[in-house]
Amino acid sequence: MIRKPIITVLGHTDAGKTSLLDAIRGTAVSEKEAGGITQHIGATEIPIGLVKNLAGKLLEKYRFNLVIPGLLFIDTPGHEAFTNLRKRGGSIADLAILVVDINRGLEKQSIEAIDILRGFKTPFIVVANKADTIKGWQPKEGSVSESLKNQHPDVLVELDKKIYELVGQLHSHGFTSERFDNVKDFTKEISIIPASAKKREGLPEILLFLAGLSQRYLEKKLQAHASEKARGTVLEVKEEKGIGKTIDVILYEGKLSVGEEIVVGGKNGAIETHVRALLKPTPLSERKNSSDLFHSVKEVFSASGVKVSAPRLDEALAGAPVRAKTPQTVKEVSEELKNIIVDTQANGVIVKADTLGALEALSVLLAQKGIEIRKTGIGVVSKRDFMEASAVHQKDPYKGVIFAFNVEIDPEVPLEAEKKGIKIFASNIIYRILEDYSKWMQEEKERQKNQKLSSAIMPFRIRVLPNHVFRASKPAVVGIKVEAGKLKPGVVLARNGEKIGEVREIQSQGKNMAQAVRGSEVAVSIEGGSFGKNFSENDELFPFLSKRQLELLEELKGFLNDEELEVLEEIKQKQQKNKEEEK
């Protein structure tokens, strides 16, 4: 027996995720003769009869022999819903639709969606939505293949331009893609389907390709047996009036029955409980009053969405596993939670999120970026989290930070964090947390670099000009030429590695100067310098660099030009030679 593939929809804000889901559901409702949709908890089932009816001749063209019972679409689009469709080592979503605005291409959330799909090893197709906004496009509900035949050649050129810009963007993120009707190998190329959710254009291709691809390449994964033990994932934890705490579960394997003992992932480990009731949505046509939202069923089979009422669900987590209870599954669930909710002494960041799925998704993205994690958890950012970040901050300020996704923060924590300079990156959008962190880190590194550069004595070489001694001492005033680098007041000069005095002023034509650049001939006053005693005409003078200054310049080597690097080596050699002579 083959089960329905589970499909989720992702994409950037305003790309048309919800519109596409609404269009699919709307089409299903209007095509009643092909068999109506079945509403699940958190999901909508599209029967295969409807897909075949809409696809028509496309079935023969693409040689898809459809035997799956239908498609199960997760009702809530977006990253957060997808991340809760998690299971150990991947996602329970068999396929995903990445919705992209054809005019804008890949955007920040689209790129994050790709990274999440890659992290969860979920295959996907791309829907290039809003094709009807291309100038001159003639919209036609139904097959986009048919619609393309009616478009002006200029419109087709513009469409291909936008599609292949998208192909290039996907390639830069490591994916080979092609317009759906040019795909040679569906296992190696991602299909891009131009569509318009608003005009219901391209839906036959979208549904057909989802059905065909899942059946052709995921057949083993879709094998289902009624005798298999129940395996599912918590999509959402809800308080229902008159029922109490419930969990909305997507069952992706086996059968779940009323009275069955189950294990559910919770904040403090595995929750052992039993199914009190299984609830499905009551069809609108059968509802007698506003409170008649659900009806009871005795059992459900994969793949399906169901509301589970059971005792002890107060600490159940969205994104947590649901298993038929056995000694082995209790251990499995406990181990799975330990792998996601980590508590180590690593020199890494603190991560808090509202659901297990979001926590794992954020952890996956951080791992992809090579960012080490010290501790993860569900719920409020606490004082303990702050203390953990403080400990890391002392060793590495860039890692001593807190990432807070869609959670509250203890009111005292931001005040303490500000005092100690510990950053908290909080948002209800995952990519914004990572983006803000990356931006802050760049700014902080730039600030520290500038701070170091401003405090560093940069390498330079000057030569004392002959016949330009204006005062021999107290202070010595002489003419010099800057041969390399820049000379600034306040720097201590050295000859052959030995200090001779500090530059007090630089003047040109009687005016004080903030600095003298390479090639300048200027007068300088040297406090402590004594012409004829510790320096003479034609002497090369350099800055005297302390051990700390030398170390600082080594750190800043990447910001020194070739000339400065060359002078730095001269200074080091002269100071080293002077030390050896002193011994």
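For the structure itself, look to the data block above.
Model, not experiment: these values are computed from the prediction.

What counts as what
- Residues numbered from 1 in each chain as written.
- Predicted model: local features only at pLDDT ≥ 70, side-chain atom pairs only at ≥ 80, totals over all residues.
- Heavy atoms only, no water.
- Helix = DSSP H or I, 4+ residues; strand = E, 2+ residues; numbered from the N terminus.
- Rg over C-alpha atoms; globule rule 2.2 N^0.38 Å.
- Contact = heavy atoms within 4.5 Å.
- Areas by Shrake-Rupley, 256 points an atom, 1.4 Å probe, with all protein chains shown as cover.
- Lys, Arg positive; Asp, Glu negative; His and termini not counted.
- Charge placed at Lys NZ, Arg CZ, Asp CG, Glu CD.
- 1 Å grid on protein atoms, 1.4 Å probe; cavity = no way out; pocket = protein on both sides within 12 Å on 5 of 7 lines; lining within 4 Å.
- Points joined across faces, edges and corners; volume = space filled by probe spheres on them.
- Nonpolar A, V, L, I, M, F, W, Y, C, P; charged D, E, K, R; others polar.
- Buried < 20%, exposed > 50% of the residue type's maximum accessible area, 1.4 Å probe, protein only.
- Pairing = 2+ DSSP bridges.
- Axes fitted to C-alpha atoms, helices over the stretch in contact; angles between N-to-C directions.
- Expected span 1.5 Å × (residues − 1).
- Phe/Tyr/Trp six-rings, centres within 6.5 Å; stacked < 30°, edge-to-face > 60°.

A. How the structure looks around the overall build of the protein chain. In terms of helices and strands, the protein chain carries 16 helices and 31 strands. Its C-alpha atoms give the protein chain a radius of gyration of 34 Å, clearly above 25 Å, the size a compact globule of 583 residues would have. The dimensions of the protein chain, computed from C-alpha atoms along their principal axes, are 105 × 65 × 40 Å. Long-range pairs, those at least 24 residues apart, make up 71% of the contacts in the protein chain with a sequence separation of at least 6. A total of about 27,300 Å² of accessible surface is found on the protein chain, and carbon and sulfur atoms cover 48% of it. Here the protein chain contributes 87 positive and 82 negative side-chain charges, whose respective centroids are spaced 1 Å apart.

B. Expanded view of the layout of surface pockets. Of the volumes computed, that of the second largest pocket is approximately 370 Å³. Considering the residues around the second largest pocket, the lining is formed by 19 residues, among which Pro 123, Phe 124, Phe 186, Thr 187 and Ile 190 are closest to the centre. Of all elements in the fold, only α5 (108-119), β8 (124-129), β10 (190-194) and α8 (203-217) reach the threshold of two or more residues within the lining of the second largest pocket. Looking at the lining of the second largest pocket, its residues break down into eleven nonpolar, four polar and four charged.

C. Main features of the environment of Glu 408. Structurally, the position occupied by Glu 408 is in the loop between β23 (402-405) and α13 (412-420). Residue classification places Glu 408 among the exposed positions, given a relative accessible area of 62%. A sequence separation of 247 residues divides Glu 408 from Lys 161, and the C-alpha atoms of the two residues are 45 Å apart. Among residues more than four places away in sequence, those in contact with Glu 408 are Val 380 and Val 381.

D. Structural detail: the sheet that holds strand β20 (residues 321-324). Strand order across the open sheet formed by eight strands is β15-β14-β20-β11-β12-β19-β16-β17, with antiparallel pairing between neighbours. Every other strand in the sheet has two partners, leaving β15 (269-274) and β17 (294-297) as the edge strands with one partner each. Geometrically, the sheet is characterised by an average inter-axis angle of 40° between neighbouring strands, direction not taken into account. Sheet topology note: the strand β12 (residues 244-253)/strand β19 (residues 304-309) ladder contains six bridges and is antiparallel. Across the sheet, Thr 246 pairs through a bridge with Ser 309, a residue of β19.

E. Spatial organisation of the sheet that holds strand β24 (residues 424-427). Ordered by their spatial adjacency, four strands build an open sheet running β22-β21-β23-β24, and the pairing between neighbours is parallel. On the outer flanks of this sheet lie β22 (373-378) and β24, each paired with one strand and no other. The mean inter-strand angle of the sheet, taken between neighbouring strand axes irrespective of direction, is 10°.

F. Quick peek at helix α14 (residues 430-455). The end-to-end C-alpha distance of α14 is 38 Å, a good match for the 38 Å that 26 residues give at a rise of 1.5 Å each. Of all the residues in α14, the buried ones are Ile 430, Tyr 431, Ile 433, Leu 434, Tyr 437, Trp 440, Glu 444 and Lys 449. Packing partners of the buried residues in α14 comprise α5, α11 (356-368), β23 and β24.

G. Quick peek at unusual backbone geometry. Across the junction of Ser 302 and Ala 303, the peptide omega takes the value -5°, indicating a cis bond. In this structure, the amide linkage connecting Lys 474 to the following residue, Pro 475, adopts the cis form with an omega of -15°. Here Pro 475 shows up in the loop between β25 (461-471) and β26 (476-484). Even without a glycine there, the phi angle at Gln 509 is positive, about 55°. Assignment of secondary structure puts Gln 509 in the loop between β28 (498-508) and β29 (511-512).

H. Layout of the packing of aromatic side chains. Throughout the structure, instances matching the rule amount to 15 aromatic pairs. Among the aromatic side chains, those forming a connected cluster through ring pairs are Tyr 62, Phe 64, Phe 180, Phe 186 and Phe 209.

I. Examining the pairing of β28 more closely. The pairing of strand β27 (residues 492-495) with β28 spans four bridges and is antiparallel. In the strand pairing of β28, Ala 494 is matched with Lys 499. Pairing between β28 and strand β30 (residues 521-527): five bridges, direction antiparallel. Paired with Glu 505 across the bridge in β30 is Ser 525. One ladder, built from two bridges, connects β28 with β29; its direction is antiparallel. Within β29, the residue paired with Ser 508 across the bridge is Lys 511. Hairpin geometry of β28 and β29 is characterised by an intervening segment of two residues between the two adjacent antiparallel strands and by a positive phi of about 55° at Gln 509.

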